Amino acid sequence: MTARTSAQALADVASALVEDHEITSLLARLVSDCAQLLPADAAAFLVRTADGGFELLSATSHRVDELELYQAQRTTGPCADATRTGGPTSAVGRVRIVDRWPDVGQEIVDAGFGSVHAYPMHWRGHAIGGLNLFAVAEEELSAASGVLAQSFADFATLAIVQPVALADDDLAERVSAALEGRAVVEQAKGVLAFQLGLDMAAAYDELLARSATNGTTLAQVARNVVRAAQAR
């Protein structure tokens with residue numbers, strides 16, 4: 001159990017939002033808080049792109065990275081449903097997960113999860129993406145946990161768009177910036193995996209550890225790793 005409370009987590013995000021924040025690091029912090037403070041073993045954010053598809057923004061582990069990317073490729077699954085409907089969606093029980101989303105559901109079950117919940121990222125009357133929560137246990141979320149999960153999804157939306165009115169082009173630029181941050185993190189994971197002989201999951205953990213130790217953003221740590229490799 002973590003000593004950090006949900007109130008502290010949300011307060012930290014609010015503090016970051018009133019300053020000039022770096023989106024990639026803030027989203028990484030949010031998914032980590034979701035997994036620690038909610039009845040979930042993993043979490044991720046998926047966002048809708050300009051062409052109507054989906055892209056991964058952030059996830060708690062490489063394993064969940066793969067699940068979300070598969071969901072994005074198939075354009076179906078819990079997070080995709082939450083984004084399209086604008087409301088929360090869930091499936092509890094391995095049989096129910098596979099029945100609801102045959103291909104994506106089977107991947108979720110094969111990854112060891114017994115329940116999945118998704119909450120939309122609302123902005124100006126429509127959903128720009130969603131928060132996915134994965135749990136090994138087959139259990140429903142309480143009403144209080146559902147409210148907290150939606151709060152995390154809402155804060156993730158604000159992290160992307162900032163608390164000001166944005167034109168559609170500006171919003172697209174913010175989403176692109178978030179995706180570019182994730183892309184450099186993926187590059188850095190590959191570099192560290194090769195250099196240190198790690199699997200991708202361990203390489204991601206190494207990036208997070210360096211960010212925490214150095215007090216720098218996740219994206220900056222990733223850029224430094226990639227830049228150093230290119231200089232060799």
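Just so it is clear, the structure is predicted and the values come from calculations on it, not from any experiment.

In this section: the overall build of the chain. A count of helices and strands for the chain gives 10 helices and five strands. With respect to the three principal axes, the spread of C-alpha positions in the chain is 50 × 45 × 40 Å. Looking at the 232 residues of the chain, the share that counts as buried comes to 50%. Summarising the internal contacts of the chain: among those between residues at least 6 apart in sequence, 60% fall at separations of at least 24. For the chain, the exposed area adds up to about 10,600 Å²; of that, 51% sits on carbon and sulfur atoms. Across the chain, the centroid of the 17 positively charged side chains sits 2 Å from that of the 29 negatively charged ones.

Spatially, β2-β1-β5-β4-β3 is the arrangement adopted by the five strands of the open sheet, whose pairing is antiparallel. The open sheet has two free edges, formed respectively by β2 (54–59) and β3 (89–92), since each of these has just one partner strand. Looking at each pair of strands side by side, their axes are set apart by 20° on average, direction ignored. Two elements, strand β1 (residues 42–48) and β2, share five bridges in a ladder whose sense is antiparallel. By the bridge assignment, Ala44 is partnered in β2 with Ala59.

What follows concerns the environment of Thr5. Inspection of the secondary structure assignment puts Thr5 in the segment before α1 (6–17). For Thr5, a relative accessible area of 36% gives the class partly exposed. Between the C-alpha atoms of Thr5 and Gly53, which are 48 residues apart in sequence, the distance is 35 Å.

A word on the domain arrangement of the chain. Looking at the chain, the domain boundaries give domain 1 (6–162) and domain 2 (176–231). Taking only C-alpha atoms, the centre of domain 1 and the centre of domain 2 are 22 Å apart. Each side of the interface is counted separately: domain 1 has 17 residues, and domain 2 has 13 residues. Between domain 1 and domain 2, a total of about 1,200 Å² is buried, with carbon and sulfur atoms accounting for 63% of that surface. Looking at the side of domain 1 facing domain 2, the largest losses of area belong to Thr24, Leu57 and His62, adding up to 38% of the total buried there. For Asp65, the salt bridge goes to Lys189, with nearest N and O atoms at 2.7 Å. Where domain 1 meets domain 2, there are four residue pairs in polar contact (both at pLDDT 80 or more). Sorting the residues of the side of domain 1 that touches domain 2 by element identifies α2 (23–37), β2 and α3 (62–74) as the ones contributing at least two each. Looking at the side of domain 1 that touches domain 2, the element that brings in the most residues is β2, giving five residues.

Rules of the game
All residue numbers refer to position in the chain's written sequence, counted from 1. Residues qualify for local features only when their pLDDT is at least 70, as the model is predicted, and side-chain atom pairs are given and counted only at 80 or more; totals for whole chains, interfaces and linings, by contrast, use all residues. Side-chain descriptors were evaluated using all non-hydrogen atoms of the structure, hydrogens and water having been removed beforehand. Only DSSP runs of H or I reaching four residues or more are called helices, and only runs of E reaching two or more are called strands; each is numbered from the N terminus. Any residue under 20% of the maximum accessible area for its type is buried, any over 50% is exposed, and the rest in between are partly exposed; the area is computed with a 1.4 Å probe on protein chains only. In this description, contact between two residues means that some pair of their heavy atoms is separated by no more than 4.5 Å. Accessible surface area values rest on a Shrake-Rupley calculation with a 1.4 Å probe, where residue burial reflects the displayed protein chains alone. In this tally, Asp and Glu contribute negative charge and Lys and Arg positive charge; neither His nor the terminal groups of the chain are included. Each charge is placed at NZ for Lys, CZ for Arg, CG for Asp and CD for Glu. Pairs of strands are assigned from DSSP output, requiring at least two bridges between the strands. Under this scheme, a helix contributes an axis fitted over its contacting stretch, all axes are lines through C-alpha atoms, and angles between N-to-C directions fall in the 0 to 180 degree range. Either an automatic procedure or a domain database provided the assignment from which the domain bounds are taken. By convention, the term buried area covers the 1.4 Å-probe accessible surface removed from two parts as they join, with the contributions of both added. Here a salt bridge means any side-chain nitrogen of Lys or Arg lying within 4 Å of a carboxyl oxygen belonging to Asp or Glu. Two N or O atoms form a polar contact when they lie within 3.5 Å of each other; inside protein one atom must be a possible hydrogen donor and the other a possible acceptor, and for residues adjacent in sequence the pair counts only when both atoms belong to side chains.

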